[in-house]
Amino acid sequence: MTTTFISRWTRLLGSAILAGVLLSGCGYNDFQTKDEATKAAWSEVVNQYQRRADLIPNLVNTVKGYASHERETLEAVTRARASATSFQITPEVLNNPEAFQKFQQVQGELSSALSRLMVVSEKYPDLKADTSFRDLASQLEGTENRITVARQRYIASVQDYNVTVRQFPKNLTAMVFGYETKPSFTVENEKAISTAPAVNFGK
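By the naming in an unreviewed UniProt entry, the protein chain is LemA protein, taken from Massilia aurea. Taken directly from UniProt, the Subcellular location (unreviewed entry) text for the protein chain runs: "Membrane".

1. Points about the overall build of the protein chain
From N to C terminus, the protein chain includes eight helices and zero strands. Each helix and strand of the protein chain, ordered N terminal to C terminal, gives the series α-α-α-α-α-α-α-α. Within the protein chain, the proportion of its 203 residues that are buried is 38%. For the protein chain, restricting intrachain contacts to residue pairs at least 6 apart in sequence, the fraction spanning at least 24 positions comes to 80%. As displayed, the protein chain offers around 11800 Å² of accessible surface, 54% of which is attributable to carbon and sulfur atoms.

2. Section: the pattern of salt bridges
Evaluation of the coordinates by the stated rule reveals nine salt bridges. A salt bridge links K170 to D30, with the shortest nitrogen-to-oxygen separation between them at 2.5 Å. Of this pair, K170 sits in helix α7 (residues 170–177) while D30 sits in helix α2 (residues 28–66); the two residues are 140 residues apart in sequence, bridging distant segments of the chain. Residues E144 and R52 are paired through a salt bridge, measuring 3.0 Å at the closest nitrogen-oxygen approach. Of this pair, E144 sits in helix α6 (residues 131–166) while R52 is found in helix α2, placing the two residues 92 residues apart along the sequence. Looking at E144, the relative accessible area reads 1%, which means it is buried. The network of salt bridges with common partners includes D35, E36, K39 and K182.

The rules we used
- Residues numbered from 1 in each chain as written.
- Predicted model: local features only at pLDDT ≥ 70, side-chain atom pairs only at ≥ 80, totals over all residues.
- Heavy atoms only, no water.
- UniProt positions renumbered as here; feature names shortened; annotations may be inferred.
- Helix = DSSP H or I, 4+ residues; strand = E, 2+ residues; numbered from the N terminus.
- Buried < 20%, exposed > 50% of the residue type's maximum accessible area, 1.4 Å probe, protein only.
- Contact = heavy atoms within 4.5 Å.
- Areas by Shrake-Rupley, 256 points an atom, 1.4 Å probe, with all protein chains shown as cover.
- Salt bridge = Lys/Arg side-chain N within 4 Å of Asp/Glu carboxyl O.

See below:
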């Protein structure tokens, strides 16, 4: 009885070790590592977009104090921010091209609205001289730069993951376990979003 139990336990242990070796050799562990890397890179993208969204209400209010009659531009920024912040960012976005495209769209619309707002500010010398506005504009510019860096890191991470999904023989593992390529930022959208709103104080 004891010998049978030991023999069965030994076979189970051997099977577990063999399975671990096979999974490691076929790239399963690589998929786990690279999938987590894309999620971490994506989290940083989301954090920076949220940082930008958090700056906008104070920026709009400051501009409103000097240019309240620029209502159309101010409302466009407010609407774009509301649309961007109401978009539900879930882990599924990373594996859903349609949802990812929608995310790009709302963020692109917010970038465009912010650019128009900064152009409007050029018409108001008192606004440009306002300390609060200068500080907020500087923070916004810095955040846009952080967004660009975060997006570039995410793109590199997704590219690394997608190459693994397509490479032989790891593509066989991808098919078995359902790993698919992840969507990334499009070239057109990259041009639109990665261009920070122009901030020019006439220096």
